[in-house]
Amino acid sequence: MDKKQVRYLSEKKPIQLISPTEIRAVYARGEEAVVELVTGLVEHIAKLEARLTELEAQVKKNSSNSSKPPSGDGFGKKTKSLRIKSQKKTGGQPDHPGSTLEWSSQVDEIVLHAVEQCNSCGADLAKEPVTAVYARQVYDIPPIELEVTEHQVEVKTCPHCQTEHQAEFPPLVTNVVQYGARLKSMMVYLMEGQLLPSGRTCELLSDMLGVNVSEGTLFNNLGQCFEQLAAQEEAIKAEIVASDVVHFDETGLRVSGKLWWLHVACTDGLTYYFVHSKRGSEAIDQMEILPNFEGKAIHDGWKSYQDYECEHFLCNAHHLRELTFIWEQYQQSWALQMLILLGSIKLQVDAAQPFQTQLATETLAAFESRYQTLLEQGVAANPPPPPPPLTKHGRRKGGRLKQSPARNLLDRLHQHQDSVLGFMYDFAVPFDNNQAERDIRMVKLKQKISGTFRSEAGAQIFCRIRGYISTLRKQGLNVLAAFISLFSGFPQSPIPQPE
């Protein structure tokens, strides 16, 4: 048996299929042939073990220890939050003001329930004087009916020059029969605000208002809203570019059956969505926010973000999940200690924020020292992978060496230490990128409810309108009222005006 056959047996065939006859044939060739066979088998076993460890790690990943969404945990998922459990009991707290219906001094209708006869003897009490009245109030809505307003314009002829004059219809009354601003606003609000599919929106309008609207009408109405919000979207984008701290994130989106990418740039008061077929710098450049941004960018470390000249800070919620996974999967104590350290720093920062602008110098030094010690422990527990074997020409195979998840995380925590601990040095920097993840969640929910976007135009329409809605909600403005103003010809700006 020659070397090619030995290599074939050790790498191509499953171990259990090597027959005793083949083993004896190798043995008969001498010591070197046996050593080569055993070495090949050991290498093959090592590869299988590494692959098994990798697959086991994939199976054990869930939403609590990785970036995997909760929807992928399956029916057997167990929720486990990284938040510190509060000592308060569930329900309303003793000092909570509460919220309940209040007695109204002004009512729309009074219904009097009279006493007609005595329940004991049956005597007529209709004309007897009333000695007391007790009242209860019921809050409800009146029957919802569609109201039709007919606009008429007069036509008159001048008696002197016989010129005919006609009054003008209101600017938004352009068709013989059309829907008004309130009904149009309701359509947009249900589809883009409450994420109802078009079919169910038609059903709701029919059941509640008795109006039969086609899906084509709904989408035409969305297109009209999209066009009228162009200026508002540009204003939101410009305000985000000028902000001090902006969150960035991206996620996959199905458009026309293909994988596209939804990009978001947001603050605690503004939201801007952008959909593109690419995930990297090409899409980010066309989004036109990061290329012009000079503030503090918060993101998850996606490499394309690092190419832009602004301050970068990494999401520590991702780090906590990765550290949890390393502790659970590999039982490496440094990961648990690092998780505790990051949580402790956050608690210290949260406690200091109302009274200080930064932590004390000795506190910062202590945290930095502990951080470095844990990194050293992690590196000792996860040495770099061995170099690839030499080829027959005495050279090593090129390419990047594959590292373990723990080693990759350690490299990131070391190389980007200032970005990881930025929240410790600057209280304006948030601990995580949860703001962007919360803003993305509603778009993912839309896709989960309605499925793929059928066209790029449909995805763009949703992103613009949803970004406007998200910004309105962050500013505490009424979404439905804003759409009524929009369709009445007076678009409302969601950007706070300087006092």
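Please refer to the structure placed before this passage.
Presented here is a report on the structure given in the accompanying data block. Quick caveat, the model's predicted, so the values are computed rather than measured.

## A few points about the overall build of the protein chain
Here is step 1: In terms of helices and strands, the protein chain carries 17 helices and seven strands.
Here is step 2: For the protein chain, with 499 residues in total, the buried portion stands at 34%.
Here is step 3: Considering only residue pairs separated by 6 or more positions, the protein chain has 61% of its internal contacts joining residues 24 or more positions apart.
Here is step 4: Of the roughly 32600 Å² that the protein chain leaves accessible, carbon and sulfur atoms contribute 53%.

## Quick word on empty space enclosed by the protein
Here is step 1: Evaluation of the coordinates by the stated rule reveals two cavities of 30 Å³ or more.
Here is step 2: Quantified by volume, the largest cavity comes out at close to 60 Å³.
Here is step 3: Around the largest cavity, the lining residues are Leu229, Gln232, Glu233, Ile236, Thr271, Tyr272, Tyr273, Cys463, Arg464, Gly467 and Tyr468.
Here is step 4: Mapped onto the lining of the largest cavity, the elements with two or more residues apiece are α7 (230–241), β5 (271–276) and α16 (456–474).
Here is step 5: For the lining of the largest cavity, the leading source of residues is α16, giving four residues.
Here is step 6: Of the residues contributing to the lining of the largest cavity, the split by class is six nonpolar, three polar and two charged.
Here is step 7: In this structure, the second largest cavity occupies an estimated 40 Å³ of space.
Here is step 8: Listed by contribution, the elements that provide at least two residues to the lining of the second largest cavity are β3 (245–255), β4 (258–266) and α8 (281–287).
Here is step 9: Its residues assigned to classes, the lining of the second largest cavity shows six nonpolar, one polar and one charged.

## Thoughts on the packing of aromatic side chains
Here is step 1: For the structure shown, the criterion picks out six aromatic pairs.
Here is step 2: Here the aromatic rings of Phe248 and Tyr305 are separated by 6.2 Å at their centres, their planes lie at 45 degrees, and the arrangement is tilted. Taken together, the residues span a long stretch of sequence, with Phe248 in strand β3 and Tyr305 in the loop between β6 (296–299) and β7 (311–314) at a distance of 57 residues. With respect to class, Phe248 is no different from Tyr305; both count as buried.
Here is step 3: A connected cluster of aromatic rings, assembled from ring pairs, spans Phe248, Phe293 and Tyr305.
Here is step 4: Seen from the ring of Trp302, Arg279 lies directly overhead, with NZ or CZ sitting 3.6 Å from the centre.
Here is step 5: The ring centre of Phe226 lies 3.8 Å from the NZ or CZ of Arg464, which sits over that ring.

## Comments concerning the packing of helix α6 (residues 215–228) against α16
Here is step 1: One can describe the packing of α6 onto α16 by two numbers: an axis separation of 9 Å at closest approach and a directional angle of 60 degrees. It follows from the interaxial angle that α6 and α16 lie oblique. Here the hand of the crossing between α6 and α16 comes out left-handed. For the pair α6 and α16, contact is made by Leu222, Gly223, Cys225, Phe226 and Glu227 and by Gln460, Ile461, Arg464 and Ile465, respectively.
Here is step 2: In the contact of α6 with α16, the residues fall into five nonpolar, two polar and two charged.

## Overview of unusual backbone geometry
Here is step 1: The residue Leu195 is not glycine, and still its phi comes out positive at about 65 degrees.
Here is step 2: Position of Leu195 among the secondary structure elements: in the loop between α4 (181–193) and α5 (198–209).
Here is step 3: Look at Ser256: it is not a glycine, yet its phi comes out positive at around 55 degrees.
Here is step 4: Residue position: Ser256 is located in the loop between β3 and β4.

## Thoughts on the sheet that holds β3
Here is step 1: Pairing is mixed in the open sheet, where five strands are placed in the order β5-β4-β3-β6-β7. Each edge of the open sheet is held by one strand with a lone partner, namely β5 and β7. Along the sheet, successive strands turn relative to each other by an average axial angle of 25 degrees, direction set aside.

## Remarks on α6
Here is step 1: Given a rise of 1.5 Å per residue, 14 residues ought to cover 20 Å, and the 20 Å separating the end C-alpha atoms of α6 matches this to within 8%.
Here is step 2: Buried residues of α6: Leu218, Asn221, Leu222, Cys225 and Phe226, and no others. The buried residues of α6 all sit within an arc of 145 degrees when viewed along its axis, so they share a single face. Residues of α6 that are exposed and point over 90 degrees away from its buried face: Asn220 and Glu227.
Here is step 3: Tucked into the core, α6 has its buried residues touching α4, α5, α7, α16 and α17 (479–487).

## Topic: the pairing of β6
Here is the key point about a regular strand: its side chains alternate between the two faces of the sheet.
Here is step 1: Here β6 shows a buried face lined by Lys296 and Ile298 and a second buried face lined by Ala297 and His299.
Here is step 2: As paired strands, β6 and β7 are joined by four bridges and run parallel to one another. When the bridges of β7 are listed, Lys296 appears paired with Glu311.

## Some thoughts on the pattern of salt bridges
Here is step 1: Counted under the stated rule, the structure contains 14 salt bridges.
Here is step 2: Notably, a salt bridge pairs Lys156 with Glu154, separated by 3.8 Å at the nearest N-O pair.
Here is step 3: Linking Asp439 and Lys474 is a salt bridge whose minimum nitrogen-to-oxygen distance equals 2.8 Å. Linking Asp439 in helix α15 (residues 434–450) with Lys474 in helix α16, this pair joins segments that are 35 residues apart in sequence.
Here is step 4: A relative accessible area of 7% places Asp439 in the buried class.
Here is step 5: With a relative accessible area of 22%, Lys474 lands in the partly exposed category.
Here is step 6: Each member of the salt-bridge network shares a partner with another, and the members are Glu234, Lys237 and Glu288.

Calculation notes
- Residues numbered from 1 in each chain as written.
- Predicted model: local features only at pLDDT ≥ 70, side-chain atom pairs only at ≥ 80, totals over all residues.
- Heavy atoms only, no water.
- Helix = DSSP H or I, 4+ residues; strand = E, 2+ residues; numbered from the N terminus.
- Buried < 20%, exposed > 50% of the residue type's maximum accessible area, 1.4 Å probe, protein only.
- Contact = heavy atoms within 4.5 Å.
- Areas by Shrake-Rupley, 256 points an atom, 1.4 Å probe, with all protein chains shown as cover.
- 1 Å grid on protein atoms, 1.4 Å probe; cavity = no way out; pocket = protein on both sides within 12 Å on 5 of 7 lines; lining within 4 Å.
- Points joined across faces, edges and corners; volume = space filled by probe spheres on them.
- Nonpolar A, V, L, I, M, F, W, Y, C, P; charged D, E, K, R; others polar.
- Phe/Tyr/Trp six-rings, centres within 6.5 Å; stacked < 30°, edge-to-face > 60°.
- Lys NZ or Arg CZ within 6 Å of the ring centre and 35° of its normal.
- Axes fitted to C-alpha atoms, helices over the stretch in contact; angles between N-to-C directions.
- Parallel < 35°, antiparallel > 145°, perpendicular 65-115°, else oblique.
- Left-handed = near helix turned anticlockwise from the far one by under 90°.
- Pairing = 2+ DSSP bridges.
- Expected span 1.5 Å × (residues − 1).
- Arc of directions from axis to C-beta.
- Salt bridge = Lys/Arg side-chain N within 4 Å of Asp/Glu carboxyl O.

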